[in-house]
Amino acid sequence: MMRGIRHNFRSASAISFVVLILFTLYHTGEGKVYEKCTLARTLDRQKISSRTLISNWVCLVMAESGADTSKVTKLPNDSANYGIFQINSKTWCREGRKGGHCDKKCEDFLNDDLTDDIECAKQIYNDSGFAAWKGWVNRCKQKTLPDLSSCWN
């Protein structure tokens, strides 16, 4: 009887350990919601553009995704916008595989590593400017951009 209890306890401990490992691995690549200054410094550090345009990028990200890297917006045309820059699956990336003008897998835009997101956002900007994003046009183009002066201290 005691032997069976010990065996069950070891099995339960092993299962708990595996669940803990899987939980940890799952959360390491998870999305993130950025604060304004952290986002500005990250975009600057990853050289998205000159510092003079960083407030445009921050405004765009806030307008498009609320600075949430895990955001997916399904659209009526059977496409979706992915990640912090809300990059579209019909034009710029492909769902489930690499593709589109950025040659990226859309799901890769849903984690807290902004490297590939920024690479694609720069390509979109180079092709069409900030006007490629409706959120920027509606909320940032003619309105006050965020004051980032306190972010550089």
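Check the entry above for the structure.
Residues numbered from 1 in each chain as written. Predicted model: local features only at pLDDT ≥ 70, side-chain atom pairs only at ≥ 80, totals over all residues. Heavy atoms only, no water.

**Student:** Quick question: what am I supposed to make of the layout of surface pockets here?
**Tutor:** Gaps left between atoms are located by rolling a probe of water-molecule size over the structure's atoms. Put simply, the largest pocket is a space of about 290 Å³. Surrounding the largest pocket, 13 residues form its lining, E64, N81, Q86, A132 and K134 being those nearest its centre. Looking at the lining of the largest pocket, its residues break down into six nonpolar, five polar and two charged. (1 Å grid on protein atoms, 1.4 Å probe; cavity = no way out; pocket = protein on both sides within 12 Å on 5 of 7 lines; lining within 4 Å. Points joined across faces, edges and corners; volume = space filled by probe spheres on them. Nonpolar A, V, L, I, M, F, W, Y, C, P; charged D, E, K, R; others polar.)

**Student:** Just to check I follow, could you spell out the packing of aromatic side chains for this structure?
**Tutor:** Geometrically, a pair of aromatic rings is defined through the distance of the ring centres and the angle of the planes. All chains considered together, the criterion is met by six aromatic pairs. The interplanar angle of 90 degrees and the centroid separation of 5.8 Å between the aromatic rings of W57 and F85 together place this pair among those described as edge-to-face. In this pair, W57 sits in helix α3 (residues 54–65) while F85 sits in the loop between β2 (80–82) and β3 (87–88), placing the two residues 28 residues apart along the sequence. You'll find W57 and F85 in the same group, each marked buried. The interplanar angle of 25 degrees and the centroid separation of 5.1 Å between the aromatic rings of F130 and W136 together place this pair among those described as stacked. Classification of W136 by relative accessible area gives buried; the value is 12%. The cationic tip of K32 hangs over the ring face of Y34; the distance from NZ or CZ to the ring centre is 4.5 Å. Here the basic side chain of R51 rests over the ring of W152, its NZ or CZ set 3.9 Å away from the ring centre. (Phe/Tyr/Trp six-rings, centres within 6.5 Å; stacked < 30°, edge-to-face > 60°. Helix = DSSP H or I, 4+ residues; strand = E, 2+ residues; numbered from the N terminus. Buried < 20%, exposed > 50% of the residue type's maximum accessible area, 1.4 Å probe, protein only. Lys NZ or Arg CZ within 6 Å of the ring centre and 35° of its normal.)

**Student:** Would you explain the state of the cysteines in this entry?
**Tutor:** As used here, a disulfide is simply a covalent bond connecting the sulfur atoms of two cysteines. According to the stated counting rule, one finds four disulfides in the structure shown. Through a disulfide, C59 is tied to C140; the S-S separation comes to 2.0 Å. Because the torsion about its S-S bond is -95 degrees, the bridge between C59 and C140 counts as left-handed. Of this pair, C59 sits in helix α3 while C140 sits in the segment after α5 (134–139), and the two are 81 residues apart along the sequence. Among the residues examined, C59 registers a relative accessible area of 10% and is labelled buried. Classification of C140 by relative accessible area gives buried; the value is 1%. Linked covalently through their sulfurs, C102 and C120 form a disulfide whose S-S length is 2.0 Å. Between C102 and C120, the S-S dihedral sits near 85 degrees, and the bridge is therefore right-handed. You can see C102 sitting in the loop between β4 (93–94) and β5 (104–105) and its partner C120 sitting in helix α4 (residues 115–128), a full 18 residues away along the chain. When the cysteines of the protein chain that form disulfides are numbered from the N-terminus onward, they connect as 1-8, 2-7, 3-5, 4-6. (Disulfide = S-S within 2.5 Å.)

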